[in-house]
Amino acid sequence: MSISPLKCCINPSILSADFVNLEAELARISNADAVHVDVMDNHFVPNLTIGLPVVERLQKVSPVPLDGHLMISNVDRWAPQFADAGLYSVTFHVEASDAPIKLARELRARGAKAGMALRPATPVEPYLDMLPELDMLLIMTVEPGFGGQAFLDVMLPKIRRARAAVEGSGVDVAIQVDGGITEETITRAAEAGANIFVAGSAVYGRPSPADAIESLRENGQLAFTSTTPHLNNTAPQPA
Ligand code: DX5
Ligand code: ZN
């Protein structure tokens, strides 16, 4: 997987998988672009999932790259260790970081793509100057903590403003959305400018997670390319 603003990616969330056999659950989504791993500490969010030792094991057996989403406090201390574990991308919440620019640089220096997440009530504007420091901006479309919540349509203008800022500054930053993504809501999120879609229930809640990934990807790509055709122009650029 390459984090690119031009490609529509589907990252299933293992939060909705069967935690008794995560290796088998990973095998069911081998056609995914990456697997989204939700790390929660029961402090930053009111839920507890898995920590570094389990993520390190997942990294060793996963057929697809790991997209770590850290919903934890003290993230400046912990996030670099997830990068050291070899994760493809590590996303921290800006609300939990004391030094987000330093942290993003540290993640990149350790070989991970640097992602930064915003809770629904966190505005994107104060962070636009930081875009060159990031590979991915995650706009939460539910309050972080639990799978199966309804998509917050009120986040669509924020996604649009983020996409406009990315285009305006010419940086290579992907826009990820997480929470309530279904075959229906993915269209609205993609039209607004998101291009990496996390989906838990809409993948693992279906009889065939692999088929669900294909149909989500089709809907997302269709909506994304129809509203942002200039981003998909492959014609040679003048010298
Ligand atoms: C929620 C997590 C999400 C969650 C999404 O805090 O960050 O990744 O798994 O689940 P769905 O797709 O069911 O909303
Ligand atoms: Zn997540």
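Before going into details, it helps to say that this report is about the structure given with it.

Rules of the game
Residues numbered from 1 in each chain as written. Chains lettered and ligands numbered in written order. Predicted model: local features only at pLDDT ≥ 70, side-chain atom pairs only at ≥ 80, totals over all residues. Heavy atoms only, no water. Pairing = 2+ DSSP bridges. Helix = DSSP H or I, 4+ residues; strand = E, 2+ residues; numbered from the N terminus. Axes fitted to C-alpha atoms, helices over the stretch in contact; angles between N-to-C directions. Contact = heavy atoms within 4.5 Å. Donors = N, O, S within 2.8 Å, 3.2 Å for Na, K, Ca; no water. Tetrahedral: all angles 85-135°; square planar, octahedral: opposite > 155°, others 65-115°. Buried < 20%, exposed > 50% of the residue type's maximum accessible area, 1.4 Å probe, protein only. 1 Å grid on protein atoms, 1.4 Å probe; cavity = no way out; pocket = protein on both sides within 12 Å on 5 of 7 lines; lining within 4 Å. Points joined across faces, edges and corners; volume = space filled by probe spheres on them. Nonpolar A, V, L, I, M, F, W, Y, C, P; charged D, E, K, R; others polar.

### Focus on the sheet that holds strand β4 (residues 89-93)
Right, on to step 1. Strand order across the open sheet formed by 8 strands is β1-β8-β7-β6-β5-β4-β3-β2, with parallel pairing between neighbours. The open sheet has two free edges, formed respectively by β1 (9-12) and β2 (35-40), since each of these has just one partner strand. With strand direction ignored, the average angle separating the axes of adjacent strands in the sheet is 25°.
Right, on to step 2. Here 5 bridges tie β4 to strand β5 (residues 113-118), and the two strands are oriented parallel to one another. When the bridges of β5 are listed, H93 appears paired with A117.
Right, on to step 3. Its contacts with the sheet put helix α3 (residues 75-84) on β2, β3 (66-71) and β4, and the angle it makes with β4 is roughly 170°.
Right, on to step 4. Packing against the sheet, helix α5 (residues 156-169) makes contact with β5, β6 (136-140) and β7 (174-178), and its axis sits at approximately 165° to β7.

### Considering the coordination of the zinc ion (ligand 2)
Right, on to step 1. Every protein donor of the zinc ion (ligand 2) is listed here as H36 (NE2), D38 (OD), H69 (ND1) and D178 (OD), and their distances to the metal cover 2.1 to 2.3 Å.
Right, on to step 2. If you look at the zinc ion (ligand 2), its 6 donor atoms make angles of 71 to 173° with each other, and the shape they trace is octahedral.
Right, on to step 3. Written as a sequence motif, the donor residues of the zinc ion (ligand 2) are H-x1-D-x30-H-x108-D. Side by side, H36 and D38 carry an identical accessibility label, which is buried.

### A look at the layout of surface pockets
Right, on to step 1. Here the largest pocket defines a volume of roughly 320 Å³.
Right, on to step 2. Considering the residues around the largest pocket, the lining is formed by 28 residues, among which G147, G148, G179, G180 and G200 are closest to the centre.
Right, on to step 3. Those elements that provide at least two residues to the lining of the largest pocket are β2, β8 (196-199) and α7 (201-204).
Right, on to step 4. Residue composition of the lining of the largest pocket, grouped by class: 13 nonpolar, 11 polar and 4 charged.

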